[in-house]
Amino acid sequence: MEKINFLFGIHNHQPVGNFDFVLEDAFEKSYKPFIDVLEKHPGIKMAVHFTGWLLEKIEKDHPDYISKIRGLVQKGQLEIFTGGFYEPIIPVIPEDDRIGQITKLSSYVENLFGKRPRGMWLAERVWEPQIAKSLALAGVEYVVVDDNHFKNAGYYDDELTGYFITEEEGYTLKVFPISKKLRYLIPFEEVGETLDFLKTMATADGNNSLVMFDDGEKFGVWPGTYDRVYKEGWLDEFFTEIEKNSEWLNVSTFSEYVDAVAPKARIYLPISSYSEMMEWALPTRAKAEFESLVSSLKEEKKYESMEMFLKGGMWRTFLAKYAESNLMHKKFLHIHERMKEVQDVPSEVLDEYWKGQCNDVYWHGVFGGLYLPHLRAAVYKHLIKAEKALDEMKNEEAKIFDYDKDGFDEVIIKNDNIGMVVDPDYGARVLEIDLKKAEFNLVNSLTRRYEVYHEWISKAITQEELEKSGESKTIHDVILTREEGLEKYLSIDWYERFSYIDHFFGEKINLEGYSVSKYPEQGDFVNQPYNIIDKNTFLRHGHVWIGAKWTPVTVEKRFSLNGGSLEVTYKITNDSEEEVTLHFGSEMTYNLMAPEDDDRYFEWDGQRHNASYKGEFTSDKVEICADYEEVHAKLTLSEMANFFIYPIYTVSYSEGGFEKVYQGTSLTPTWKFNLSPHQSKELKVILSIKE
């Protein structure tokens, strides 16, 4: 009888910094019930991967669950895979971090379950050829990636029925293709359809294999799957049918299969990830065109035959597409360079640094956490902790260098209380304000961008509507929304959203237009280059549109740190031969994380307003508070100003559907004043961190 080997695995992951209730919900809906069902089917062998951070959490909170896993491993029913301990995108972290993170998880798994992993889960299946060497040096024997990787190399489905071997600089690594067909069948279609597909690849020698290795959260956490997988018994039925058909369907661990069957061939895989990720990574304009092409090919029933020749972007494009992603990435690269200057970096400092490499916040698609401020805040928290420890070992002076790797210099300014990064080439804006004691980046915001999926919002349905339909679809086949009326939040910023952004306004400025980034900017300072005068001072000879002509105006901006205070001094000079009236504003962005909470607020003149407040007021002092994050600050101005204040919301799409997310509050003091020819005006904005 013809036979086929079925290699089944699940990958369980939660990003560093995710809420405890989210982790517990995933445990109760997915991680625990899955193993409960598996225990009832001793004939099923499979693999599982846990992110190290998640595994530590489960070990602490649910030791009985760990004992169950250990028992299944000892019986040979379950194989544990390794990976980067904090689930980094392996190709974009330094090689010593690749090896260190993998080795850390392998050792932890061995200590916990009594067996050292041979196989590895590759985060988001992001493959670049050079990592084969790193994985081999970390003790990895084989890794699973998508069949998409192999198809991009010119292989067809009927050739992807085993594992292959690749090498880099002579270091070899075995690679398994994950079947996209099985990823879409399991657990969304009837069990029989999966078995019918598996049977098509059975052979007389029984050496063929097909791999399904995907997110464990799709078995209970994804919309509609808990009822289907457990209440309606899909997983139990799936395992039962596999056991019933054992005469032709052999379930095997990856290690058993590797030991029994030789590799099919040597292969060299191109840079790749799963097909959806490569589509998400494309620049927005190209992504829209790519989606249109895919849609046309599907309508013409040509997509399946052409898919292997369609290649989207590459993961690294996220670092070009989103400045916020790039800044976090370059922050940990800077810390990596600093670590080379310090001998014997303590393991706890290295761990904080590695936590800051957790991949979720560095990208965005249906998954990906870039749009989630609490995950960005967690990454910044761990990186700030690591950087603070390094400062205590070897202080870093103010430094001018190309921090964000865009070809232009940035400036790091810091003391024992505050660290900041100034970007002279783009308005001398401040990219980051790290409050060291609170381990919090006050400028942790996100620019409101156009995303291609914004075009789908009119087609979105709620989870309740989906449940009423009785259908269980993959998240790629249904458009959900968490609330109605999100169209009104679809604003697009024309400049990137950081702090100390220099505006010149005209007569038609108003809060409504300003808050949606639709207003007449009169100056050419917001996103234009400033000259670096010294490590604290930046200067631009620019222009302001006044009376139907450009008037030359100079802005000098000086930053100084004094204890727990950041003082910004503006000197604005009228370089023309005529008297002018200027309306100047310095926009700051502060993310207080939770817009509706009463313990996060702005206060002026004895009035408190939570972070969702939108309005105008006049004052020379504003209190800024986020109790949970231990952020207590005070903004003091050298003279009274009229303020614009409004919350920044983005509309993003995730596995739960469309949602609006608070990304911070825009706070802009503005002043109107007259300047005679060549006269200057000085203004001071002081941010003081309170104990």
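None of these values were measured; they are calculated from a predicted model.

Within the chain, the secondary structure is distributed over 20 helices and 26 strands. The C-alpha radius of gyration of the chain comes to 28 Å, within 12% of the 26 Å expected for a compact globule of 691 residues. Burial status across the chain gives 61% buried among its 691 residues. Contacts in the chain between residues far apart in sequence, at least 24 positions, make up 71% of those at least 6 positions apart. Total accessible area on the chain is roughly 27000 Å²; 47% of this is exposed by carbon and sulfur atoms.

Before going further, it helps to examine a nonpolar patch on the surface. On the surface, Tyr 156, Met 306 and Phe 309 cluster together into a nonpolar patch covering about 330 Å² of accessible area. Within the secondary structure, Tyr 156 sits in the loop between helix H6 (147–152) and strand E6 (164–168). Taking relative accessible area as the criterion, Tyr 156 reaches 44% and is therefore assigned partly exposed.

A few words now on empty space enclosed by the protein. Summed over all chains, the structure comprises six cavities of 30 Å³ or more. Empty space within the largest cavity amounts to approximately 110 Å³. Lining the largest cavity are 15 residues, with Lys 331, Glu 387, Lys 414, Gly 419 and Asp 434 sitting closest to its centre. Counting residues per element, the ones that place at least two in the lining of the largest cavity are helix H18 (373–393), strand E11 (410–414), strand E12 (418–423) and strand E13 (429–435).

Turning next to helix H8 (residues 191–199). Every buried residue of H8 is listed here: Val 191, Thr 194, Leu 195, Phe 197 and Leu 198. One side of H8 holds all its buried residues, which, seen down the axis, span an arc of 160°.

Let's shift gears to the packing of aromatic side chains. Applying the stated criterion to the full structure yields 63 aromatic pairs. Between the aromatic rings of Phe 8 and Phe 219, the centroid separation amounts to 6.2 Å while the plane-to-plane angle is 70°, which identifies the pairing as edge-to-face. Here Phe 219 lies in the loop between strand E8 (209–215) and helix H9 (225–231) and Phe 8 lies in strand E1 (residues 4–12), a separation of 211 residues in the sequence. Since its relative accessible area comes to 2%, Phe 8 is described here as buried. The structure contains a cluster of three or more aromatic residues connected by ring pairs, namely Phe 81, Trp 121, Tyr 142, Tyr 163, Phe 176, Phe 213, Phe 254 and Tyr 257.

Phe 6, Phe 219, Phe 238, Tyr 500 and Leu 635 are the most contacted members of the largest nonpolar core, which has 189 residues in total. Broken down by element, this core gets its largest block of residues, ten residues, from strand E24 (residues 631–654). Setting aside chain neighbours within four positions, we find Phe 6 in contact with Leu 182, Ile 186, Leu 198, Leu 210, Met 212, Phe 238, Ile 242, Leu 249, Asn 250, Val 251 and Ser 252. Val 144, Phe 176, Tyr 257 and Val 258 belong to the second-largest nonpolar core, a separate cluster that totals 15 residues.

We now examine the environment of Gly 523. With respect to the helices and strands, the residue Gly 523 is situated in the loop between helix H20 (511–515) and strand E16 (531–532). The class for Gly 523 is buried, based on a relative accessible area of 14%. In the structure, Gly 523 is positioned 20 residues away from His 503 in sequence and 6.5 Å away in space, judged by C-alpha atoms. With near-sequence residues (within four places) excluded, Gly 523 lies in contact with Phe 504, His 543 and Val 544.

Applying the stated criterion across every chain yields a total of 60 salt bridges. Two residues, Asp 146 and Arg 125, come together in a salt bridge whose shortest N-O distance is 2.6 Å. In this pair, Asp 146 is assigned in strand E5 (residues 142–146) and Arg 125 in the loop between strand E4 (119–121) and helix H5 (131–137), connecting sequence segments 21 residues apart. Asp 493 serves as the salt-bridge partner of Arg 497, at 2.9 Å between the closest nitrogen and oxygen. Each of the two residues, Arg 497 as well as Asp 493, counts as buried. Three or more residues are tied together by salt bridges with common partners; here these are Lys 331, Arg 338, Glu 387, Asp 391, Glu 396, Lys 414, Glu 432, Asp 434 and Lys 436.

It is worth spelling out the environment of Val 452 at this point. Relative to the assigned elements, Val 452 resides in the loop between strand E14 (440–441) and helix H19 (463–469). Among the residues examined, Val 452 registers a relative accessible area of 7% and is labelled buried. Separated by 70 residues in the primary sequence, Val 452 and Gln 522 place their C-alpha atoms 30 Å from one another. In this structure Val 452 touches Thr 284, Lys 287, Ala 288 and Glu 291, once residues within four positions along its chain are discounted.

Conventions and cut-offs
- Residues numbered from 1 in each chain as written.
- Predicted model: local features only at pLDDT ≥ 70, side-chain atom pairs only at ≥ 80, totals over all residues.
- Heavy atoms only, no water.
- Helix = DSSP H or I, 4+ residues; strand = E, 2+ residues; numbered from the N terminus.
- Rg over C-alpha atoms; globule rule 2.2 N^0.38 Å.
- Buried < 20%, exposed > 50% of the residue type's maximum accessible area, 1.4 Å probe, protein only.
- Contact = heavy atoms within 4.5 Å.
- Areas by Shrake-Rupley, 256 points an atom, 1.4 Å probe, with all protein chains shown as cover.
- Patch = residues over 30% accessible without salt bridge, like charges linked within 9 Å, V, L, I, M, F, W, Y side chains within 5 Å.
- Salt bridge = Lys/Arg side-chain N within 4 Å of Asp/Glu carboxyl O.
- 1 Å grid on protein atoms, 1.4 Å probe; cavity = no way out; pocket = protein on both sides within 12 Å on 5 of 7 lines; lining within 4 Å.
- Points joined across faces, edges and corners; volume = space filled by probe spheres on them.
- Arc of directions from axis to C-beta.
- Phe/Tyr/Trp six-rings, centres within 6.5 Å; stacked < 30°, edge-to-face > 60°.
- Core = buried A, V, L, I, M, F, W, Y, C linked by side-chain atoms within 4.5 Å.

Geometry only, nothing functional implied.
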